Amino acid sequence: MSELASESSVLRTFRALLREPAGLIGTVLISLLVLCALVSLVWTPYDPTLVDPAAVWAPPFSGGRLLGTDGSGRDLFSQLLAGAQITTVAAVAATVVSGIVGIGLAVLAAVGRRSGEIVARLIDVLVALPTLLLAMVLSAVYGGSVLTAVVAIGIGTGVNVARVGRAEMTSALGTDYVLAARTSGASTAWIVRRHVLPNVAPVLLVQLSLTLALAVLAEAALSYLGFGTAPPTPSWGRMLQDLQVYVTVHPWAVVWPGAAITAAVLGFSLVGDALRDVTDPRLRRQAAAAPEVLA
Amino acid sequence: MELTAPLLRATGLDRRYRLPRTSLRGPRRYREALRGVDLDVSPGDGGIGIVGESGSGKSTLVRLLLAVDRPDAGTVSYRDRDLAAASAGELRAFRRDVQVVLQDPFASLDPRMRVGDIVAEPLVCLDVPGDHRARVHELLAAVGLERAAVDRYPHQFSGGQRQRIAIARALAPDPRVLVGDEPLSALDVAVRVQVMDLLGGLAADLGLALVLVSHDIGAVARLCRRVVVLHEGRVVERGETEQVLSAPQDPYTQRLLAAVPRLPA
Amino acid sequence: MTLLEIEDLTVRFGGRAVVDGVSLTIDAGDRLGLIGASGSGKSLTALAAVGLAPDDAEVTGRVRLDGRDLIGLRDRELAPLRGGRVGVVFQEPQTALDPLMRVGRQVAGPVHRLTGLDRRAAAVRAVELLAAVGLPDPENMARAYPHQMSGGQRQRVGIAIALAGDPALLIADEPTTALDVTVQAEILALLDRLVDERDMALLFISHDLAVVARVARRVAVLAAGQVREEGPLEQVLHEPTDDATKALLTAYRASAWSPSWS
């Protein structure tokens, strides 16, 4: 009797992830991010949008301000907490869009015979499109907001997911088990649903977790450039924009949003890397150590 | 004498593949994988072996016989109906009657599916009536595997056992013809004998016609009453297996048989 | 004269012994066949003897080449011995050859390293070797890449590489298993001829009894990492004493074909 099939593979992956140092640190960072976002929904030490001329440029740990205040007297720590919301939402939403676009295009490219080739070339062309440029164009047309940022980032990263996804799916479609399914009368939809997608899921999962990292960075960049989240919604990218001019006078204020963005991107990147390590060799090791089942 | 059309018949099959261009001018070159191949098989006729080495076109022939590929010329007919023009219903009936066991036991089973689902897949996709669960248990027993195998994954089985699972899956829709594409080649010698005996036994018990594609003369000699020798896409010799093996006429067949290593007497 | 003396060789992976106390002797001019089912440890025995066991393997015992113990030698010291005295032909011509290097260079490289010939002379010798292994038009063949050749041709190149250092012992690990039967016959004939012409000893490993019988004069039967039976070919095949040998023979007779059959 083998114990390999008894545990859920999701749980197993998660546990293996936490055993990797990268996975552990990444998970901690992501948890912090989510925690900040959740907490700020119900409470922040001060209203992050509240302008307080009396407390302009307060240094950290002074007068109850954990991280100090900015040029308008707004509490930095509260802004940081609240900014986590946009970061999390934008990253997750963009990744969802990325997944839909990526998997959708990949399936079309892998499955279609003639049309598949066309879609594949389309993917290759779109990959060259810079995400930020797309976002700026969309913002110019539809106005800057979280939504345009999410859509732009989703499409921009989605084509990369599609490129990897198409390669994996084409490979899966060439396997013997798919051939056997075809001779068993399976339709293309059945084969994609039951054979291709589950087998490419690990690779796509890694891609999407790295997309999360990219999305955080892209959202911050767009907000920094003024094409993303509009005021007064707190955003780390825009915080950087507002504070950067004062870097020589009040350096400590700029550090906080920069560190926050770095931590978030690092967290998702580490988890993505660890996931890649965990999913691939594990499958090979599992297959190699298969215990014999007595007939 | 009663003339009935063979259940599965291939006539004048041609299949060629485009080679990548090596120069801009001049015509595009092709590789002829199959040229003018004829074949037929019916349940009860003792089965037919397709002997060939690499490059003979046997894999291409298998794909054409299974209707997962279209010939460039010639037809593959099932019950006298050209498969290329078959309706969805006719194709489904064909797939119920003609099944396959592939060469690599490690690649022919979806690693993420449980064995029970793998064996039941043809039952579901081909709309086979009846209790699927019971049928799966029946099939696993027929190939010598225990019932508990349904909940396990392919990686938990050995190569020989996985091939048995593949055979169980092929038998699920109660086919009349079983195509084996080198089903024994990837197996260890001792296991090969077991699976070969299993195939022979099942063919006899269920009245199946075996189409055995193999480079292993011994397996073909034991399991197939007729044989066809494929060389570079053409059939160079055909006939009763016993006849062809004891008195081969074609020079390639003679060379092939002479090359088979044997133990000193 | 004893070339290779394997004494009590044990290869463990994480505590489990895949080769368990194997002892074999190969003298000059010997032709020893090592037969066994897959998993019997036959390939690993030969590979471990010349220091080619996987990194995570634990190798113990004594392996004496020309009287000198090989176990524990560092690869730097082992490599020249390995190429110079012992040539190895592997199973998969596909993976044994560098896909990005022309085959002429792949043969000339070891020739240069092992014989001390300069690069130009080594290239000439390489072409000679390609001719010796029966490749047509060896000058042009030397410029080809592995993927441009057939499986049989690639295996001939593999043999040429094994002969680069003019070895006294040739180890062939399932060299024809991945080949078509007509090509196999050619390669076996080639090995037979080369071993004779160059006065080499041969250690031939295979699971196929008939293939081993074609080239070997003595056989050792391996099962579960141990030598179960050893002796002259005719004796072991016609009067087997061990169950493992008998099982191999039974399986062979149940699945093989020969002209005297039917």
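Fair warning: this is a prediction, and the values are worked out from it, not measured in the lab.

Attention shifts here to the overall build of chain B. Per the secondary structure count, chain B includes nine helices and 10 strands. If one aligns the C-alpha atoms of chain B with their principal axes, the spans along those axes are about 55 × 55 × 50 Å.

Summing up its helical and strand segments, chain A has 10 helices and zero strands in all. Ordered by position from N to C terminus, the α and β elements of chain A give α-α-α-α-α-α-α-α-α-α. Seen along its three principal axes, the alpha-carbon backbone of chain A occupies a region of about 80 × 50 × 30 Å. Here chain A holds 295 residues, and the buried ones make up 44% of them. The long-range fraction of contacts in chain A, counting pairs at least 24 apart against all pairs at least 6 apart in sequence, stands at 70%.

Right, let's get into the sheet that holds strand E2 (residues 16-27) of chain C. Strand pairs in the sheet, formed through backbone hydrogen bonds, run parallel or antiparallel to each other. Residue and element names in this part refer to chain C. An order of E2-E1-E4-E5 is seen for the four strands of this open sheet, with the pairing classed as antiparallel. Edge strands, defined here as strands with exactly one partner in the open sheet, are E2 and strand E5 (68-69). Here strand E4 (residues 57-65) runs beside E5; their pairing, made up of two bridges, is antiparallel. Bridge pairing in E5 links Arg 64 to Asp 69. Packed onto the sheet, helix H1 (residues 42-49) meets strand E1 (2-13), E2 and E4 and runs at close to 115° relative to E1.

Before going further, it helps to examine the interface of chain A and chain B. At the interface, 25 residues of chain A touch 30 residues of chain B. Elements with a minimum of two residues in the side of chain A that touches chain B: helix H7 (176-183), helix H8 (188-225) and helix H10 (251-288) of chain A. Considering each element in turn, the side of chain A that touches chain B owes the most residues, seven residues, to H7(A). Taken together, the residues of the side of chain A that touches chain B sort by class into 14 nonpolar, eight polar and three charged.

Another point: the packing of helix H6 (residues 189-206) of chain B against helix H11 (residues 243-255) of chain C. As a packed pair, H6(B) and H11(C) sit with axes 9 Å apart at the nearest point and diverge in direction by 45°. As summarised for this structure, H6(B) and H11(C) are arranged oblique, according to the angle between their axes. Where H6(B) crosses over H11(C), the handedness of that crossing is left-handed. For the pair H6(B) and H11(C), the contacting residues are B:Val189, B:Ala190, B:Arg192, B:Val193 and B:Met196 in the first and C:Ala247, C:Ala251, C:Ala254 and C:Ser255 in the second.

Okay, helix H3 (residues 115-125) of chain B next. Burial within H3(B) is extensive, with eight of its 11 residues counted as buried. For H3(B), every residue scored as buried is listed here: B:Val115, B:Ile118, B:Val119, B:Ala120, B:Glu121, B:Pro122, B:Leu123 and B:Cys125. Buried-residue contacts for H3(B) involve H7 and H8 of chain A together with helix H4 (132-142) and helix H5 (159-171) of chain B.

If you look at the interface, chain B gives 25 residues, while chain C gives 24 residues. The element best represented in the side of chain B that touches chain C is H6(B), accounting for five residues. Broken down by class, the residue content of the side of chain B that touches chain C amounts to 15 nonpolar, four polar and six charged.

Residues and elements named next belong to chain B. For strand E3 (residues 48-52), the tally of buried residues reaches five of five residues, placing the bulk of the element in the interior. Neither face of E3 is open: one carries Ile 48, Ile 50 and Gly 52, the other Gly 49 and Val 51, and all of them are buried. In the sheet, E3 pairs with strand E8 (residues 209-214) via four bridges, with the strands oriented parallel. Across the sheet, Ile 48 pairs through a bridge with Val 211, a residue of E8.

What follows covers the environment of A:Ala82. All names here are of chain A. Relative to the assigned elements, Ala 82 resides in helix H3 (residues 76-111). Judged by the 24 C-beta atoms lying within 10 Å of it, Ala 82 falls in the buried class. For the pair Ala 82 and Pro 234, spaced 152 residues apart in sequence, the C-alpha to C-alpha distance is 6.1 Å. Beyond its immediate chain neighbours, meaning those up to four positions away, Ala 82 contacts Ser 40, Thr 44, Pro 48 and Pro 234.

All names here are of chain C. Although it is not a glycine, Asp 66 adopts a positive phi angle of roughly 55°. Tracing the sequence through the fold places Asp 66 in the loop between E4 and E5. Assessed through the 13 C-beta atoms surrounding it within 10 Å, Asp 66 is described here as partly exposed. Of note in this structure, Ala 224 is not a glycine but carries a positive phi near 50°. Mapping Ala 224 onto the fold places it in the loop between strand E9 (218-223) and strand E10 (226-232).

This brings us to H7(A). For H7(A), the tally of buried residues reaches six of eight residues, placing the bulk of the element in the interior. For H7(A), every residue scored as buried is listed here: A:Tyr177, A:Leu179, A:Ala180, A:Ala181, A:Arg182 and A:Thr183. Residues of H7(A) that are buried in the fold lie against H8 of chain A together with helix H2 (88-97), strand E6 (98-101), H3 and H5 of chain B. Following H7(A) by one or two positions, A:Gly185 adopts a phi angle in the positive range, close to 90°.

In terms of nonpolar packing, the biggest core is built from 245 residues, with A:Val216, B:Val211, C:Val107 and C:Leu169 touching the most fellow members. Per-element accounting of this core gives the leading share, 18 residues, to H8(A).

Further remarks concern the sheet that holds strand E4 (residues 73-78) of chain B. Residues and elements named next belong to chain B. If you trace the four strands from one edge of the open sheet to the other, you get E2-E1-E4-E5, paired in antiparallel fashion. Because the sheet does not close on itself, it has two edges, and the strands there are strand E2 (30-41) and strand E5 (81-82). Against the sheet, helix H1 (residues 58-65) engages strand E1 (8-18), E2 and E4, with an angle of about 125° to E1.

What counts as what
- Residues numbered from 1 in each chain as written.
- Chains lettered and ligands numbered in written order.
- Predicted model: local features only at pLDDT ≥ 70, side-chain atom pairs only at ≥ 80, totals over all residues.
- Helix = DSSP H or I, 4+ residues; strand = E, 2+ residues; numbered from the N terminus.
- Buried ≥ 20, exposed ≤ 12 C-beta atoms within 10 Å, placed from the backbone.
- Contact = placed C-beta atoms within 7 Å.
- Pairing = 2+ DSSP bridges.
- Axes fitted to C-alpha atoms, helices over the stretch in contact; angles between N-to-C directions.
- Nonpolar A, V, L, I, M, F, W, Y, C, P; charged D, E, K, R; others polar.
- Parallel < 35°, antiparallel > 145°, perpendicular 65-115°, else oblique.
- Left-handed = near helix turned anticlockwise from the far one by under 90°.
- Core = buried A, V, L, I, M, F, W, Y, C linked by C-beta atoms within 7 Å.

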